[in-house]
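Summary of structural features
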Amino acid sequence: MGPEGTAAPAPPTEETRANYEDALITWGLGEVERQVEPAPEGKVLEEVLVAAEEVVAPMDPYPSLLNIFHVRTRDQVVRQEVLLTPGQPYSAALVAESVRNLRKLGLFSVVRAVPVRGSAPDKVALLLVTKDLWSLRLNNEFSAVGSLLLYLRLQGTEQNFLGRGKKVAVDFILRLDTFSLGQSYTDKRVLGSRWSLTESAAVLINRDTGRAEGSRGSLSVSRPLYSLSTPWSLSTSVAWNVETARQYRGADIWQLPYPDGDPVPYVYNTREVAAASTYTRSYGQRYKWNVGLGAGAYHYAYAPPVASQLSDAQADWFRRNYLPRAEDAGYANFSLSAFEARYAVLRNVDSYTLSEDFQLGHSVLATLRYAPPVFPSAAHFAEGGLSARYRVHWGDALTTASAAASIRQQFSGAQEGWTNRRWAAELVQVSPRVLGGRFVARGLLDVNIDDLSDRVSLLGGSNGLRGSAVDAYSGKRLLLVNLEYRTAPLVVRTVHLGGVFFFDSGSAFNKRPEMVSTVGVGLRLLFPQFNVFPFRIDFGYVLNGDRPPVGSRLSLSSGQVTDYRPSFLDSP
């Protein structure tokens, strides 16, 4: 596969036939009865062909009867994402960008582009080989340690309504204290345009009382930067969240150590409303510069619930030390994004044999926000954030270094001066293939100096320190190291089964880290008709800390352990 994932496949061999994507390309070429064009660049594009395999094909270990319940993506939905039109010169770069856009839709497990011969020597056709993900599905995310189910999300979804790329969903989220029922709708191409619409709403129900205790929802309308040559974008959004937040450690609500009496339960009421609008102007082609200007407003309010029955002294201590900061603000913001539009396609990294897109070179995001005292209760501050990432693809290996920092100058209120100082850094190394598999190493440091929201990191269980008790360690700072060997998958009728050997070492701390280390083994399962990332089952053993019961050393989750990382690294 070429650096953009669009190069013509090699002649069929036993190895390529065994590869899931290469087998689909061979099938697609047979469907259109065309031959590969070895030198397509600059030739006139004659037509765009689509070879879309059924979601359950003869090679898959499922009954073909299931295809009755799935409407395959319409060819027009595929073609409308192609950034070339018939009559234009063929461009491998534009084809590669089109393939990346199609993968981002979330409709396909496989998208591959192959140039094929046209009706004359100076003409070429583009063949897009696709395989749908099962669209009428029960999407799920979960996290469990031993017999304790920490989080479960079940989303009944038709993510490709009538094959038109629209997503309609009903959502169920189960937490230790609540469950929520909601719905959402996403249309990435409203009426065939480049405008996108997303809306969602949900009601939260207390598991003990069975009564509604909150709601959340959002509405977003945007015209995104759908290609590297798109000159501008616009986005507008509004969101709300009303709930009772409960912080757990294990199966119990965290009891905070109040110094002069009984512990204080880590429970508070949340009222959050926010709206924002941003216009972005895009410059450059290979080296991109995106400049954004916008404005917004929000209302954040937090308070201990009456049910906690705290004294005035306890409530004041809780508010000063643990409660997120209540704040109202109207603000103007500026952002500058710079990155190199260079990409590589790798396999057997996070999603086993399926192609994954990685942006190479630099990626930098700088943000500035100023909130003037536009009304009596409004906060007055200026804040900035900076994140940077550099990724190198050398041979078959991948190195990614990321860092982020933020700071705020508070001009009024009880905490005037510099605050909200936070920085984080991460280094991820993916090795070349070793015995078919890969070593993956990750080091992460997240330092919170004086966060106004008093954010606390929890570590233990499936979130990075596998084998230890769930959320066993807490602190405002986090240091974590993960080392894994991920075997090559064993493919049984398209079901991908792999193994993992791991070493984890980490600490959640306030002043000095006290590292706890674990070792263990795990399994990975990938069903490419239904998901592009695997399920993981891990069993760990604590080397130098408290060891939980054997059943609690088992953790189940979706995705890879390196998916657990602060979002702050991408958007400080």
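Predicted model only: the values in this text are computed from it and were never measured.

Take the overall build of the protein next. A count of helices and strands for the protein gives 5 helices and 32 strands. Computed over the C-alpha atoms, the radius of gyration of the protein is 25 Å, within 12% of the 25 Å expected from 2.2 N^0.38 for a compact globule of 572 residues. By the burial criterion, 49% of the 572 residues in the protein qualify as buried. Pairs at least 24 residues apart make up 61% of the contacts formed inside the protein by residues separated by at least 6 positions. Only carbon and sulfur atoms are counted for the fraction: they give 60% of the accessible area of the protein, which is about 26200 Å². Charge-centre separation for the protein: the mean point of 59 positive side chains lies 2 Å from the mean point of 56 negative side chains.

Our next topic: the sheet that holds strand β2 (residues 108-117). Read from one edge of the open sheet, 3 strands run β1-β3-β2, paired in mixed fashion. Of all strands in the sheet, those with a lone pairing partner are β1 (44-53) and β2, marking the two edges. Put simply, the sheet's adjacent strands are angled 20° from each other on average, direction ignored. Seen against the sheet, helix α2 (residues 20-32) touches β1, β2 and β3 (123-132) and runs at an angle of roughly 50° to β2. Across the sheet, helix α4 (residues 92-104) is in contact with β2 and β3; its angle to β2 comes to roughly 160°.

The subject of this paragraph is the nonpolar core. Counting 20 residues, the largest nonpolar core has L45, L102, F108, L126 and L128 as the members making the most contacts within it. Put simply, the parts of the chain that give this core at least two residues each are β1, α3 (75-79), α4, β2 and β3. At 4 residues, β1 tops the list of elements feeding residues into this core. Of all hydrophobic cores here, the second largest spans 15 residues; its members include I25, L49, V114 and A125.

Okay, the side chain of S180 next. Among the secondary structure elements, S180 is positioned in strand β7 (residues 178-187). Contacts of S180, omitting those with residues within four sequence positions, involve D171, F172, I173, V203, L204 and R216.

Counted by the stated rule, this structure contains 38 salt bridges. The residue D316 makes a salt bridge to R320 at a minimum N-O spacing of 2.9 Å. Residue D316 and its partner R320 are located together in helix α5 (residues 312-321), separated by 4 residues, close to a single helical turn. Overall, the relative accessible area of 52% leaves R320 in the exposed class. Across the pair E484 and R466 runs a salt bridge, and its minimum N-O distance is 2.6 Å.

With that out of the way, let us pick up the side chain of R103. Mapping R103 onto the fold places it in helix α4. Only 2.8 Å separates the side chain of R103 from the side chain of D357, close enough to count as a polar contact. Look past the residues within four positions of R103 in its chain and what remains in contact with it is V111, R112, V345, S355 and D357.

The alternating pattern of strand β32 (residues 554-558) places S555 and S557 on a buried face and L554, L556 and S558 on a face that is not buried. Here strand β31 (residues 535-542) pairs with β32 via 5 bridges, running antiparallel. Its bridge partner lying in β32, I537 is registered against L556.

This part takes up the environment of R72. Residue position: R72 is located in the loop between β1 and α3. R72 sits 137 residues away from T209 along the chain, and the two C-alpha atoms are 43 Å apart. Every residue in contact with R72, bar those within four places of it in the chain, is listed here: A52, E53, E54, D132 and G163. Within the local environment of R72, its side chain forms a polar contact with the backbone oxygen of A52, the two atoms lying 2.9 Å apart. Side-chain polar atoms of R72 contact the side chain of E54, separated by 3.5 Å.

Let us look at α5. Listed in full, the buried residues belonging to α5 are Q314, A315, W317 and F318. Buried residues along α5 cover an arc of 165° about the axis, so they all sit on one side. Residues D312 and R320 are exposed on α5 and point more than 90 degrees away from its buried face. Among the structural elements, β13 (255-256), β14 (264-265) and β15 (267-283) are those in contact with the buried residues of α5.

Applying the stated criterion across every chain yields a total of 13 aromatic pairs. Their ring planes at 50° and their centres at 5.6 Å tell us that W254 and Y266 sit as a pair that is tilted. Of the two residues, W254 is situated in the loop between β12 (252-253) and β13 and Y266 in the loop between β14 and β15; the sequence distance between them amounts to 12 residues. According to the relative accessible area criterion, Y266 is buried, its value standing at 6%. For the ring pair Y268 and Y302, a centre distance of 6.1 Å and an interplane angle of 75° mean the geometry is edge-to-face. With Y268 in strand β15 and Y302 in strand β16 (residues 287-303), this residue pair connects regions lying 34 residues apart in the sequence. What makes Y268 buried here is its relative accessible area of 15%. For Y302, a relative accessible area of 13% gives the class buried. Ring pairing ties together the aromatic residues W254, Y258, Y266, Y268, Y302, W317, F318 and Y322, which thus form one cluster. Taking NZ or CZ as reference, R100 lies 3.6 Å from the ring centre of Y343, over its face.

Rules of the game
- Residues numbered from 1 in each chain as written.
- Predicted model: local features only at pLDDT ≥ 70, side-chain atom pairs only at ≥ 80, totals over all residues.
- Heavy atoms only, no water.
- Helix = DSSP H or I, 4+ residues; strand = E, 2+ residues; numbered from the N terminus.
- Rg over C-alpha atoms; globule rule 2.2 N^0.38 Å.
- Buried < 20%, exposed > 50% of the residue type's maximum accessible area, 1.4 Å probe, protein only.
- Contact = heavy atoms within 4.5 Å.
- Areas by Shrake-Rupley, 256 points an atom, 1.4 Å probe, with all protein chains shown as cover.
- Lys, Arg positive; Asp, Glu negative; His and termini not counted.
- Charge placed at Lys NZ, Arg CZ, Asp CG, Glu CD.
- Pairing = 2+ DSSP bridges.
- Axes fitted to C-alpha atoms, helices over the stretch in contact; angles between N-to-C directions.
- Core = buried A, V, L, I, M, F, W, Y, C linked by side-chain atoms within 4.5 Å.
- Salt bridge = Lys/Arg side-chain N within 4 Å of Asp/Glu carboxyl O.
- Polar contact = N/O pair within 3.5 Å; in protein donor to acceptor, adjacent residues only side chain to side chain.
- Arc of directions from axis to C-beta.
- Phe/Tyr/Trp six-rings, centres within 6.5 Å; stacked < 30°, edge-to-face > 60°.
- Lys NZ or Arg CZ within 6 Å of the ring centre and 35° of its normal.

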